[in-house]
Amino acid sequence: LLWIRRSLEFQRKFYLALIPSNGRHPKDSAVTAYDETLSPYHGWLLRNIFPASLSQMPSRDVFIARFSGIELEDLNQEVESQVIRKLRSLVLTWEPLLDKWKDIFERLDLEDIRQV
């Protein structure tokens, strides 16, 4: 459960960075989200492998198209707006849940900070 929460927090921060149309490249956003959420709990090997795997991230437009289940050439402003609304809703739904989940883990002394 601890790693599921951490993974969801990584995804939340990454998706949040995809919302602005003029934001950073998804690869940069994913690396930042990784550094803030998972990296502190990863040992040397994972801290080197995980960011390397993120280097193959596609552009924001490709992500938005894939989220909507369409081809990139069919992406338009209306579809993008729908995807962004859904991402925003997901991020806003996850935020209080993940905060509460972390509080509970800390209160029950289940927040294992050892590296893997």
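These numbers were taken from a predicted model, which means no experiment stands behind them.

1. Quick notes on the packing of helix H4 (residues 60–68) against helix H5 (residues 77–107)
Each pair of packed helices can be summarised by the angle the axes make with each other and by the distance between the axes.
Here is step 1 of the chain: Between H4 and H5, the least distance of the axes is 9 Å, while the angle of their chain directions is 80 degrees. Considering their axes alone, H4 and H5 lie roughly perpendicular with respect to each other. On H5, the residues that touch Arg60, Ile64, Phe67 and Ser68 of H4 are Val79, Glu80, Val83, Ile84 and Leu87.
Here is step 2 of the chain: Here the residues of the contact of H4 with H5 sort into six nonpolar, one polar and two charged.

2. Some remarks on the nonpolar core
Here is step 1 of the chain: Of all hydrophobic cores here, the largest spans 21 residues; its most connected members are Phe14, Tyr15 and Leu87.
Here is step 2 of the chain: Only helix H1 (2–18), helix H2 (26–37), H4 and H5 provide two or more residues apiece to this core.
Here is step 3 of the chain: If one sorts the elements of this core by residue count, H5 sits on top with seven residues.
Here is step 4 of the chain: When residues no more than four places from it in sequence are discounted, the contact partners of Tyr15 are Phe67, Leu87, Leu90, Val91 and Trp94.

3. Overview of a nonpolar patch on the surface
Here is step 1 of the chain: A grouping of Trp3, Leu46 and Val116 is seen on the molecular surface, where their side chains present a nonpolar patch of about 250 Å² in accessible area.
Here is step 2 of the chain: As for its position among the elements, Trp3 is in helix H1.

4. Points about the environment of Val62
Here is step 1 of the chain: For Val62, the position within the fold is in helix H4.
Here is step 2 of the chain: Once the C-alpha coordinates of Val62 and Leu2 are considered, the two residues, 60 residues apart in sequence, prove to be 31 Å apart.

5. Things to note about unusual backbone geometry
Here is step 1 of the chain: Of note, the phi angle at Asp109 is positive, near 60 degrees, even though the residue is not glycine.
Here is step 2 of the chain: Its location among the elements puts Asp109 in the segment after H5.

6. Topic: the packing of aromatic side chains
Here is step 1 of the chain: Taken as a whole, this structure holds 10 aromatic pairs when the rule is applied.
Here is step 2 of the chain: Residues Phe63 and Phe67 carry aromatic rings whose centres are separated by 6.0 Å and whose planes lie at 40 degrees to one another, so their mutual orientation is tilted. Separated by four residues within a single helix, Phe63 and Phe67 lie in helix H4, roughly one turn from each other.
Here is step 3 of the chain: Classification of Phe67 as partly exposed rests on a relative accessible area of 37%.
Here is step 4 of the chain: Among the aromatic residues, those joined into a ring-pair cluster are Phe10, Phe14, Tyr15, Tyr34, Phe50, Phe63, Phe67 and Trp94.

7. Observations regarding the confidence of the model for the protein
Here is step 1 of the chain: With 100% of its residues at a pLDDT of at least 70, the protein reaches an overall mean of 95.
Here is step 2 of the chain: Looking at the elements of the protein, mean pLDDT is at its lowest for helix H3 (residues 44–54), recorded as 92, and at its highest for H5, recorded as 97.

About the criteria used
Residues numbered from 1 in each chain as written. Predicted model: local features only at pLDDT ≥ 70, side-chain atom pairs only at ≥ 80, totals over all residues. Heavy atoms only, no water. Axes fitted to C-alpha atoms, helices over the stretch in contact; angles between N-to-C directions. Helix = DSSP H or I, 4+ residues; strand = E, 2+ residues; numbered from the N terminus. Parallel < 35°, antiparallel > 145°, perpendicular 65-115°, else oblique. Contact = heavy atoms within 4.5 Å. Nonpolar A, V, L, I, M, F, W, Y, C, P; charged D, E, K, R; others polar. Core = buried A, V, L, I, M, F, W, Y, C linked by side-chain atoms within 4.5 Å. Buried < 20%, exposed > 50% of the residue type's maximum accessible area, 1.4 Å probe, protein only. Patch = residues over 30% accessible without salt bridge, like charges linked within 9 Å, V, L, I, M, F, W, Y side chains within 5 Å. Areas by Shrake-Rupley, 256 points an atom, 1.4 Å probe, with all protein chains shown as cover. Salt bridge = Lys/Arg side-chain N within 4 Å of Asp/Glu carboxyl O. Phe/Tyr/Trp six-rings, centres within 6.5 Å; stacked < 30°, edge-to-face > 60°. pLDDT = per-residue confidence, 0-100.

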